[in-house]
Amino acid sequence: MINILVVEDDKALNQLVASSLRMENYSVVACFNGQEALKEMENQSFDMLIADVMMPEMDGFTLAKTVRESDRRLPILFMTALDDKPSMQKGFDIGIDDYLVKPFDVEIL
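As the structure is a prediction and not an experimental result, all values here were calculated from the model.

Parameters at a glance
Residues numbered from 1 in each chain as written. Predicted model: local features only at pLDDT ≥ 70, side-chain atom pairs only at ≥ 80, totals over all residues. Heavy atoms only, no water. Helix = DSSP H or I, 4+ residues; strand = E, 2+ residues; numbered from the N terminus. Rg over C-alpha atoms; globule rule 2.2 N^0.38 Å. Contact = heavy atoms within 4.5 Å. Areas by Shrake-Rupley, 256 points an atom, 1.4 Å probe, with all protein chains shown as cover. Lys, Arg positive; Asp, Glu negative; His and termini not counted. Charge placed at Lys NZ, Arg CZ, Asp CG, Glu CD. Axes fitted to C-alpha atoms, helices over the stretch in contact; angles between N-to-C directions. Parallel < 35°, antiparallel > 145°, perpendicular 65-115°, else oblique. Left-handed = near helix turned anticlockwise from the far one by under 90°. Nonpolar A, V, L, I, M, F, W, Y, C, P; charged D, E, K, R; others polar.

(A) Just the overall build of the protein, in detail. Counting its secondary structure elements, the protein contains 4 helices and 5 strands. In terms of overall size, the protein behaves like a compact globule, its C-alpha atoms giving a radius of gyration of 13 Å where 109 residues would be expected to give roughly 13 Å. By its C-alpha atoms, the protein is 35 × 30 × 25 Å across when sized along the principal axes. For the protein, restricting intrachain contacts to residue pairs at least 6 apart in sequence, the fraction spanning at least 24 positions comes to 57%. In the structure as shown, the protein presents an accessible area of about 6200 Å², 49% of it carried by carbon and sulfur atoms. Within the protein, the 20 negative side-chain charges are centred at a point lying 5 Å from the centre of the 10 positive side-chain charges.

Rendered as structure tokens:
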């Protein structure tokens, strides 16, 4: 089974994304900030990371950069309200694989 880590500080959106992925038969671990996500990544492996950018304690850019320092192959998807070109470019420069702007249709995810 594919194991996905969802990192989103908005609890309702986190729950919506996680439950939607579970309905598609993915295994999902949900976290609410980057620090929590890194701890989960120490304890288990994931096949994909879906992360918000604007989060408390550690933003998505820092999370993605930290992940990329040890894993160049893990697919990373940002889902964020930041729809400006510099933010998108920064994410891709760090090494994310895709960028989904909020609000989005869960079916698109």
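There is more to say after this.
(B) Seen up close, the packing of helix H3 (residues 60-70) against helix H4 (residues 85-94). Running from N to C, H3 and H4 cross one another at 15°; their axes reach a closest spacing of 9 Å. As judged from the angle between their axes, H3 and H4 are roughly parallel. Our pair here, H3 against H4, has a crossing hand that is left-handed. Residues Phe61, Ala64, Lys65 and Arg68 of H3 touch H4, and the partners they reach there are Ser87, Lys90, Gly91 and Ile94. Broken down by class, the residue content of the contact of H3 with H4 amounts to 3 nonpolar, 2 polar and 3 charged.

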